[in-house]
Each structure stands twice: as structure tokens, then as C-alpha cells.
Amino acid sequence: GAGVSQSPSNKVTEKGKDVELRCDPISGHTALYWYRQSLGQGLEFLIYFQGNSAPDKSGLPSDRFSAERTGGSVSTLTIQRTQQEDSAVYLCASSYDRLGGYTFGSGTRLTVV
Amino acid sequence: AQSVSQHNHHVILSEAASLELGCNYSYGGTVNLFWYVQYPGQHLQLLLKYFSGDPLVKGIKGFEAEFIKSKFSFNLRKPSVQWSDTAEYFCAVKITNNDMRFGAGTRLTVKP
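For the structure given in this document, a descriptive report is provided here.

Calculation notes
Residues numbered from 1 in each chain as written. Chains lettered and ligands numbered in written order. Predicted model: local features only at pLDDT ≥ 70, side-chain atom pairs only at ≥ 80, totals over all residues. Heavy atoms only, no water. Helix = DSSP H or I, 4+ residues; strand = E, 2+ residues; numbered from the N terminus. Rg over C-alpha atoms; globule rule 2.2 N^0.38 Å. Buried < 20%, exposed > 50% of the residue type's maximum accessible area, 1.4 Å probe, protein only. Contact = heavy atoms within 4.5 Å. Areas by Shrake-Rupley, 256 points an atom, 1.4 Å probe, with all protein chains shown as cover. Pairing = 2+ DSSP bridges. Axes fitted to C-alpha atoms, helices over the stretch in contact; angles between N-to-C directions. Disulfide = S-S within 2.5 Å.

### Digging into the overall build of chain A
(1) Moving on: Counting its secondary structure elements, chain A contains 0 helices and 10 strands.
(2) Moving on: Taken over the C-alpha trace, chain A has a radius of gyration of 13 Å; the compact-globule value for 113 residues is 13 Å, and the two agree within 12%.
(3) Moving on: With respect to the principal axes defined by its C-alpha atoms, chain A has extents near 40 × 25 × 25 Å.
(4) Moving on: For chain A, buried positions account for 49% of its 113 residues.
(5) Moving on: Put simply, 54% of the contacts in chain A that link residues at least 6 apart link residues at least 24 apart.
(6) Moving on: With an accessible surface of roughly 5500 Å², chain A has 44% of that area assigned to carbon and sulfur atoms.

### Here we look at the sheet that holds strand 7 (residues 75–79) of chain A
Residue and element names in this part refer to chain A.
(1) Moving on: Ordered in space as 1-3-7-6, the 4 strands form an open sheet in which the pairing is antiparallel. At either margin of the open sheet sits one strand with a lone partner, and together these are strand 1 (5–7) and strand 6 (65–69). Neighbour to neighbour, the strand axes of the sheet diverge by 15° on average, direction disregarded.
(2) Moving on: As paired strands, strand 3 (residues 19–24) and strand 7 are joined by 5 bridges and run antiparallel to one another. Paired with V19 across the two strands is I79, which belongs to strand 7.

### A look at the state of the cysteines
All names here are of chain A.
(1) Moving on: Counted by the stated rule, this structure contains 2 disulfides over all chains.
(2) Moving on: The disulfide partner of C23 is C92, and the gap between their sulfur atoms is 1.8 Å. One quick way to see it: the torsion about the S-S bond of C23 and C92 is about -65°, and its sign makes the bridge left-handed. Placement of the pair is C23 in strand 3 and C92 in strand 8 (residues 88–95), with a sequence separation of 69 residues.
(3) Moving on: A relative accessible area of 0% places C23 in the buried class.
(4) Moving on: Residue class for C92 comes out buried when judged on its relative accessible area of 0%.

In short, geometric facts, not functional conclusions.
Right, dumping it as C-alpha cells:
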């Protein structure tokens with residue numbers, strides 16, 4: 001597609017439930033990133049996928065968070081047993097090459113109640 | 001700790017005022033530097049970037065930024081702001097291929 005697409009745009013879930021957030025990057029972009037933007041905070045790096053290489057998971061805040069990227073394209077970020085502190089905007093970005101800036105999606109606003 | 005610092009959390013200006021948003025980073029070695037903008041209700045967009053060469057980088061909408069290596073700074077400037085520049089601005093530093101670190105952001109409010 002023309003841009004990075006994320007779904008859903010908004011998600012309200014009950015504490016303890018699992019959620020899945022989807023990212024569809026720009027076609028041909030080999031790198032895909034997940035960030036989290038909390039109120040009053042900067043963008044927090046979560047995970048990075050590059051082609052067929054093993055993902056860099058160093059930013060995931062706990063083992064309740066996981067992500068996969070199928071076929072080098074669509075990615076799913078899963079949060080298990082959600083907690084209130086997981087409430088944030090989850091942003092996905094993709095890039096074509098190692099020197100480029102990122103193209104961001106519109107994000108998924110997650111609210112855990 | 002390695003970090004990206006944006007000094008101002010919220011800046012309020014009148015139209016036609018000059019703007020400078022500070023950004024400092026604490027990484028050594030080669031870095032790539034970026035400024036992103038997020039207009040209300042919209043997603044993050046790339047404003048400008050620096051990789052090498054002329055340390056004064058010009059971006060879209062009249063913005064520019066100057067890389068001062070000795071000061072580890074990459075401040076964003078605009079000589080005359082407009083109401084439409086109201087947004088949140090993020091400085092970012094790419095230290096490896098897979099790790100871009102962002103500042104906490106500066107909210108700019110331009111009064112008409």
C-alpha cells in the first residue's frame with residue numbers, strides 16, 4: 001500500500017485479556033519496527049525485524065510482549081495478560097534501507113481498563 | 001546512560017516568532033539524526049534528516065536543523081512560525097541499523 005497501515009486504530013480491553021495489534025508495512029520495505037508512545041513520554045523502541053534475520057527483541061518490556069512477522073510483510077504485536085501500564089499508542093514503522101528515516105503508521109491506541 | 005534529550009516540553013509562540021527547539025544526544029561515534037513532526041490527530045512524519053556533509057540541513061515547510069558535533073546537538077529552527085506549525089516535534093538519533101532512539105518530544109503551540 002501507499003503507507004504503513006495499522007489496525008485497529010483504537011482498542012479498549014479489560015485488564016488480564018490478550019490483545020493483538022497488526023501492522024502492514026509499505027510494500028518492499030524490509031525493515032519493520034514497533035514503538036510505544038506513552039503519555040508524556042518519548043517513543044520507546046520495542047522490537048525490530050529486518051528481512052529474514054532474527055528480530056531484535058531487546059526493547060520488549062516483559063515476556064508478556066511478543067511479535068512476529070509473517071512472510072517478511074505483516075507483523076503482529078501480541079500483549080498477553082494486559083496491565084493498565086500497557087495503555088499507550090503503539091506505533092509501527094517501516095523503512096527501505098539502513099540509512100533512511102522511517103515511515104510511521106497512524107498507531108493503535110490501546111486502553112486497558 | 002545513552003539518551004536523546006529535548007530541553008523544552010512545551011513551547012508557546014506567537015505567529016511570526018522565530019523557533020529553536022533543542023536536541024542533544026549522548027552517543028559517541030557516527031550517528032544519523034532526524035526530526036519528526038506529529039500534527040494533531042496525524043501520524044509521525046519525517047521533517048528532515050542528517051547523515052553526513054553540510055551540517056546545516058534544510059527540511060520541509062521552512063524548517064532547518066544544524067548538527068554541531070562538538071556539542072552533540074541537532075537543534076531545529078524556523079525563522080517565522082505559523083499557526084499550522086502547531087504540533088509535537090521529536091528528535092531522533094539512529095545509532096545502529098536497527099535502533100532509533102527518540103527524545104520525549106516538544107509540544108509547540110503557535111498562537112494566531
